[in-house]
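# Architecture at a glance
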Amino acid sequence: PVLIITLPIILTNHNRGQNRHWGPTHKERKGLQEILFDQRREPFDFRVDLIITRVLAKGESFFDADSIGRGNAKQLLDSLVALGWFHSDGQRWIRNCDFRQDASQRAERGSVRIEVYKVSDE
């Protein structure tokens with residue numbers, strides 16, 4: 001990996017469903033961006049694969065397998081683009097994004113671990 005970082009945010013699964021209007025989604029993205037403001041950086045100048053891991057807090061349950069990358073994961077990725085991590089979230093810059101869950105290091109508050117891997121020449 002070229003970067004492994006744990007961020008102080010919580011992934012939600014939005015079991016109520018994503019709102020059809022863009023307003024709440026935009027508000028959530030802006031909120032994540034404010035929390036992560038000090039994580040600004042220059043974008044990677046190569047294509048990457050990502051692993052986003054939801055680190056569970058004490059008492060949290062695993063999401064169903066089909067819910068891990070749902071919820072506010074898109075808003076998280078959009079926030080990281082806005083903070084300069086990536087030029088965009090399109091295929092030119094991010095080839096794959098895998099989602100995982102980890103209950104091995106439970107703390108008072110959950111978090112998100114992001115691993116960035118450089119894509120070898122294809």
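Residues numbered from 1 in each chain as written. Predicted model: local features only at pLDDT ≥ 70, side-chain atom pairs only at ≥ 80, totals over all residues. Heavy atoms only, no water.

## Digging into the environment of V112
Here V112 lies in strand β4 (residues 111-118). Linking V112 and L76, residues 36 residues apart in sequence, is a C-alpha distance of 9.9 Å. Look past the residues within four positions of V112 in its chain and what remains in contact with it is I5, T6, L7, I9, L11, I52, T53 and L76. (Helix = DSSP H or I, 4+ residues; strand = E, 2+ residues; numbered from the N terminus. Contact = heavy atoms within 4.5 Å.)

## Brief notes about helix α2 (residues 73-82)
For α2, the set of buried residues is A73, Q75, L76, L77, S79 and L80. After α2 finishes, the residue G84 shows a positive phi value of roughly 95°. (Buried < 20%, exposed > 50% of the residue type's maximum accessible area, 1.4 Å probe, protein only.)

## Here's the deal with the nonpolar core
Soluble globular proteins tend to pack their nonpolar side chains together in the buried interior. Grouped together as the largest cluster of nonpolar side chains are 22 residues, with contacts concentrated most on L76, L80, W85, F86 and I114. Taken together, the elements giving at least two residues each to this core come down to β1 (3-7), β2 (48-55), α2 and β4. Looking at this core element by element, the count peaks at four residues for α2. Among residues more than four places away in sequence, those in contact with L76 are I9, L11, L32, L36, I52, V112 and I114. (Core = buried A, V, L, I, M, F, W, Y, C linked by side-chain atoms within 4.5 Å.)

## Re the sheet that holds strand β3 (residues 94-102)
Through backbone hydrogen bonds, the strands of a sheet pair up, either in parallel or in antiparallel fashion. Ordered in space as β1-β4-β2-β3, the four strands form an open sheet in which the pairing is mixed. Of all the strands in the sheet, just β1 and β3 have a single pairing partner and so form its edges. Taken over all neighbouring pairs, the strand axes of this sheet differ in orientation by 15° on average, direction set aside. Sheet analysis places β1 next to β4, joined by five bridges and oriented antiparallel. Across the sheet, residue L3 finds its bridge partner in β4, namely V116. α2 contacts β1, β2, β3 and β4 of the sheet and is inclined by roughly 60° relative to β4. (Pairing = 2+ DSSP bridges. Axes fitted to C-alpha atoms, helices over the stretch in contact; angles between N-to-C directions.)

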